[in-house]
2 protein chains.
Amino acid sequence: MSDVVIAGVGQIPVGEHWDVSLRSQAVRAVLAAIKDAGGLKPQAMYIGNLLAPTVSHQSNLGALLPDWSNLTGIEGITVEAAGASGGGAFRLGYLAVASGFVDTAVVVGVEKITDVVGPELERAIAESTDYDYELAQGLTLTAQAGLVMQLYLHQYKPPREAFAAFPMLAHENAVGNPFAMYRKPISQKAYDSAPMVSEPVNLMDMAPYADGAAAVVLTRRDLVPDSVSHPLVKVSGSSVASDTLALHDRSDPLAFDAARLSVEGACRQAGILPQDVDFFELTDAFSIYAVLSLEAAGFAPRGEGWKLGLDGTLRRDGKLPILTMGGFKARGNPLGAAGVYQIVEAALQLRGEAGSNQIPNARRALVQNLGGPASTAVAHVLERVNG
Amino acid sequence: MSDVVIAGVGQIPVGEHWDVSLRSQAVRAVLAAIKDAGGLKPQAMYIGNLLAPTVSHQSNLGALLPDWSNLTGIEGITVEAAGASGGGAFRLGYLAVASGFVDTAVVVGVEKITDVVGPELERAIAESTDYDYELAQGLTLTAQAGLVMQLYLHQYKPPREAFAAFPMLAHENAVGNPFAMYRKPISQKAYDSAPMVSEPVNLMDMAPYADGAAAVVLTRRDLVPDSVSHPLVKVSGSSVASDTLALHDRSDPLAFDAARLSVEGACRQAGILPQDVDFFELTDAFSIYAVLSLEAAGFAPRGEGWKLGLDGTLRRDGKLPILTMGGFKARGNPLGAAGVYQIVEAALQLRGEAGSNQIPNARRALVQNLGGPASTAVAHVLERVNG
């Protein structure tokens, strides 16, 4: 079986696209990815999306988007796993190509939040919590993050201001990413004075929900057209794990078991240890989740993940760069599309095309997409294979 | 690569389950399927569902359902393709196991429509049409079927009353299916006097939306526990095709191109022709769709599919039995679960466990799950492999 490779990537800027419909967003990313893959025609489209049925009143994107992408007739299926929908779509696209029954698949993540504003949007996003036991009581995703962060502060007593390192790093890295939403640095002072959203989570601790679409073309290595001159990126590990959806059902809410299991699974398949990667694209939907992801992957002991933000380890020239193109916080969090943005960004790094954000000699990446407080965790190991 | 087989099946009765939550429905089907598979533990759960985000305010079933099924931690992902969500989930579960990276997967289709009633439900279901160009103008799935049937009557001039054969056959077959919603025969007279819903579609031409859950365990043949004594069912062909989501974008709305393409794809993989199957589980969400499915699969010339309903061909003792356990019309149409019910029913036929509905010597089935007017079409060829 030939390697499964990313032959092309495409993305549109993350932001508030009041004037661009859901389908147009997706089509732009899909066509860009296909062009980048030398015009390779996919036989299937797997779509990561969370909110279209609630916010845009649109289901069955699997028929809509192929047609509008001039691919009428091909297989089209939508994949949902809350904030990990994009990673989930990539996972299933990978398995489809790996099975040998689909030669080439395009995976697109798309989210259109600006079809509604205010409480209706908030409510739609919060449906990723357990409706019967959490959301019915008013618990949103941000409230969940507040509870988790409060517990962390209580249990491990880190300095509160240390969490600033994560949004500051994200914003610093977004400056060099033309597809990022917030391309400006923020200061410790701005963090310290940010308004509280769900105590102790402040405005800088949470990534902004936004519109966006990103796509990748997956194929067998032997099918990549000769005209493709950029390096290829191989999928060498892939894993998904879940946890209880309701936070109150976890004996240890700070453990992020699914995050750990998915990293273990992806690294086992790739035959590596987590420390063998050159960078780690994690999910900083909330800064506390970035900390817990570092701990769950084994990069820091429990209760000490926050320290990595302070000693330069996570910067682009550090030992374990994260959020290299701005992360969720500064690139923006287009929910069901976010996981595909992560893959696109990692692929660009591995291809040496990350511009001023380039990590020198990046050969191998770990990419992890979380839904909620690691209720779903999708991890992939990507490797540069030539060039 | 070992064959991918259905090692176990489970289902709950289709109906209006006011007293059973979405999660409880799904768990019952999942546990029944795992038990039927000799207790084989899945590493992944793929969930077919359409309405949970809108009707039950619940997304990320991929975390919720594994946990409630005592499978906390395993991979869990939701698949949506309108009325073909169940077939789509089965397709992706099949590809996952075929890839070799997932040993055993449970595919569950679940739909809980009775969390709301009336216009809210109607609207949620209608989101499977193109919102911007169809639903915004008031076009529902039933209205689409009305337009398609009107065109068929105009173009081919079949006797209007001939369509009665399809719901009559469905109801006749449902009598012997303990999981069916309407276990009583209906008469030509009842059909002829049924109230009009969306002219010319009358109440008997459309399947009733209902609650339900069905599940199958997919695994490699070499992993099936020795304790499993029932025959195994092999997946020998699998294919998905799409069409334009908006009906008005089709040059020939009666062609059901996606239905044809998916049958061709599945049969090509299985190395058979459609006429080599012993029965055909098609999608009779509307009786006109049953007719067009027969034509698209090549069982009748264009404009003549309705004739097959009149000469006994489609009955259990006929040349091409369809709707063998009651079809969508009489088993009920639990939308995102329907495609998995079709697989369960076909597997029971192939195992020789269809009771009074048993088709003698059933060795090979074609199963097709449509979303909307064949906007999405999922086809599988299933074969009995032993026993």
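Residues numbered from 1 in each chain as written. Chains lettered and ligands numbered in written order. Predicted model: local features only at pLDDT ≥ 70, side-chain atom pairs only at ≥ 80, totals over all residues. Heavy atoms only, no water.

1. Some thoughts on the interface of chain B and chain A
Note the following rule: When checking whether two residues touch, look at their non-hydrogen atoms; a contact exists if any pair is within 4.5 Å. Values labelled buried area give the accessible surface lost by two parts on being combined, using a 1.4 Å probe and summing over both. Each salt bridge in this description consists of a side-chain nitrogen of Lys or Arg and a carboxyl oxygen of Asp or Glu lying within 4 Å of one another. We define a polar contact as two N or O atoms separated by no more than 3.5 Å, with the added condition that, inside protein, one atom must be a possible hydrogen donor and the other a possible acceptor, whereas residues neighbouring each other in sequence contribute only through side-chain atom pairs.
In this assembly, 58 residues from chain B lie in contact with 58 residues from chain A. With both sides pooled, the region where chain B packs onto chain A buries about 4500 Å², and carbon together with sulfur makes up 53% of that total. Across the contact surface, chain B and chain A share six salt bridges. With a closest N to O distance of 2.7 Å, Arg91(B) and Glu75(A) form a salt bridge. Inspection of the region where chain B meets chain A yields 28 residue pairs in polar contact (both at pLDDT 80 or more).

2. Focus on the environment of Leu308(A)
Residues and elements named next belong to chain A. Put simply, the test is: Helix and strand assignments follow DSSP, with helices taken as H or I runs no shorter than four residues and strands as E runs no shorter than two, numbered in order from the N terminus.
As for its placement among the helices and strands, Leu308 is situated in the loop between α10 (287–296) and α11 (327–331). With eleven residues separating them along the chain, Leu308 and Ala297 place their C-alpha atoms 13 Å apart. Those residues in contact with Leu308 that sit more than four places away from it in its chain are Leu294, Phe299, Ala300, Thr313 and Leu314.

3. What to know about the domain arrangement of chain A
Residues and elements named next belong to chain A. Quick note on the threshold: An automatic or database domain assignment supplies the residue ranges for each domain. Ten residues, namely Ala, Val, Leu, Ile, Met, Phe, Trp, Tyr, Cys and Pro, are considered nonpolar, four, namely Asp, Glu, Lys and Arg, are considered charged, and the remaining ones, Gly among them, are considered polar.
For chain A, the domain assignment lists domain 1 (4–117 + 209–223) and domain 2 (140–206 + 235–384). Here the C-alpha centre of domain 2 lies 23 Å away from the C-alpha centre of domain 1. Contacts between the two partners involve 42 residues from domain 1 and, on the opposite side, 33 residues from domain 2. Both sides of the domain 1 and domain 2 interface together cover about 2800 Å² of buried area, and 67% of this is carbon and sulfur. Together, Gln11, Val14 and Tyr209 form the three largest contributors to the area buried by domain 1 at its contact with domain 2, with a combined 27%. Our count for the domain 1 to domain 2 interface comes out at one salt bridge. The closest approach of N and O atoms between Asp36 and Arg351, which form a salt bridge, is 2.9 Å. On the surface where domain 1 and domain 2 come into contact, there are twelve residue pairs in polar contact (both at pLDDT 80 or more). If you list the elements that add at least two residues to the side of domain 1 that touches domain 2, you get β1 (4–11), α4 (85–98), β4 (104–111) and β7 (212–220). Here the side of domain 1 that touches domain 2 gets seven residues from one element, more than from any other, and that element is α4. Of the residues belonging to the side of domain 1 that touches domain 2, the class tally is 24 nonpolar, 13 polar and five charged.

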